[in-house]
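Listed below, chain by chain, are the residues.
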Amino acid sequence: MEPVLIGIYGGTFDPIHYGHLRVAEELADAIRFDQFFFVPAGEPRLRDSPGGSKHHRARMISLSIQNSTRFLLDEREIKRPGVSTSVTSLREYHAEYGGRAVLCFIMGADTFLRIHYWHCWRELFQLCHLIIVERPGSMRLINRSDLPQKIQIECASRWTSDPNDLACQFSGMIYTAQTTLLDISATKIRDLVAAGKSIRYLLPDITADYIKTHDLYLGENEFR
Ligand code: ATP
């Protein structure tokens, strides 16, 4: 049975922006994914409720990737009742692909630093590879001795800088990818909107237009 290499980019995407999209594009160049899914979280477990409703966040992803043949939106987490956990989704993918899926879960270094707070975090390494990208303002991945000790111990033998390694093993590797550093965050975009300032060129025009049309992010959590 041929393995199916799947990229999974999870996040709140409140809203999706060029920081996410450029990472995805560069990883899709570096790694021959058979499929690549953006998977917006429903109710995130480890952060405040998003300002944009599930529907709006999914719609903004859909608009942002509409001209790409590489990316798909997977709404499983926003359709699932209750709090989102990535482990649940990863287990589901394996069930759906009948054991053929090699899952690569993508995250920024800031997210990885807190991975030991995730639900069943050690199980992640049984279910998927991790692809970690640097993020301006976050820890440099080269400084692994600065990672929380629990993460250092769990991950000690998992690191690779060669993306080809990911297709050779079912799960458990951590690939540190060098992608373009873009100092863009969803928080910055929400704050700019709330302050009445422009968000152009931080995210696709069509997504910026959607935010304006639907009056998103004008006040705290008003569109949940
Ligand atoms: P917020 O500012 O609301 O926390 P965010 O911009 O960090 O949002 P998320 O949806 O929380 O966006 O991010 C999803 C994933 O994408 C996370 O793993 C995060 O680290 C990563 N990510 C977000 N922005 C960037 C960026 N500019 N460069 C690299 N990775 C990023």
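Within every chain, residues take consecutive numbers counted from 1 along the sequence as written. Only residues with pLDDT of at least 70 get local features here, since the model is predicted, and only at 80 or more are side-chain atom pairs given and counted; chain-wide, interface and lining totals rely on the full set of residues. Each side-chain value is worked out from all heavy atoms of the structure, with water and hydrogens disregarded.

A. Representation of the pairing of strand β5 (residues 128-133) within the structure. Remark: exposure states derive from per-residue accessible area (1.4 Å probe, protein chains only) relative to the maximum for the residue type, with buried under 20%, exposed over 50%, and partly exposed in between. Per the convention used, a helix needs a DSSP run of H or I reaching at least four residues, while a strand needs a run of E reaching at least two, with both numbered from the N terminus. Counting buried residues along β5, six of its six residues qualify, which places the element largely inside the surrounding structure. On β5, burial covers both faces: C128, L130 and I132 on one face and H129, I131 and V133 on the other are all buried. Only strands that DSSP links by at least two bridges are regarded as paired with each other. Sheet topology places β5 next to strand β7 (residues 174-177); four bridges connect them, and they run parallel. Looking at the pairing, I132 lines up with T176 of β7.

B. Layout of the environment of Q35. Following the sequence through the fold, Q35 ends up in strand β2 (residues 35-40). For Q35, a relative accessible area of 28% puts it in the partly exposed group. Note: C-alpha distance between Q35 and I174 (139 residues apart in sequence) is 19 Å.

C. Focus on the state of the cysteines. The disulfide criterion is simple: two cysteine sulfur atoms within 2.5 Å. A full pass over the atoms with the stated rule returns zero disulfides. Among the cysteines around C128, which has no disulfide bond, C104 carries the closest sulfur, lying 8.1 Å off. What makes C128 buried here is its relative accessible area of 0%.

D. Quick look at the packing of aromatic side chains. Stacked, edge-to-face and tilted are the three classes for Phe, Tyr and Trp ring pairs, Trp counted by its six-membered ring, which pair at centre distances within 6.5 Å; planes under 30 degrees apart are stacked, over 60 edge-to-face, the rest tilted. On inspection of all chains with the given rule, the structure shows 11 aromatic pairs. Look at Y9 and F38: their rings are 5.6 Å apart centre to centre, the planes differ by 25°, and that puts the pair in the stacked class. Of this pair, Y9 sits in strand β1 (residues 4-11) while F38 sits in strand β2; the two residues are 29 residues apart in sequence, bridging distant segments of the chain. Of the two residues, Y9 and F38, neither departs from the other in class, the shared state being buried. Considering the side-chain rings of F112 and W159, the 5.7 Å spacing of their centres and the 80° angle between planes classify their relative orientation as edge-to-face. Of this pair, F112 sits in helix α5 (residues 109-112) while W159 sits in strand β6 (residues 159-160), and the two are 47 residues apart along the sequence.

E. Structural detail: helix α1 (residues 18-30). Here the expected span of a helix is defined as 1.5 Å times the quantity of residues minus one. With 13 residues, α1 extends 18 Å from end C-alpha to end C-alpha; this agrees with the ideal 18 Å at 1.5 Å per step. Along α1, the positions that sit buried rather than exposed are G19, H20, L21, V23, A24, E26, L27 and A28.

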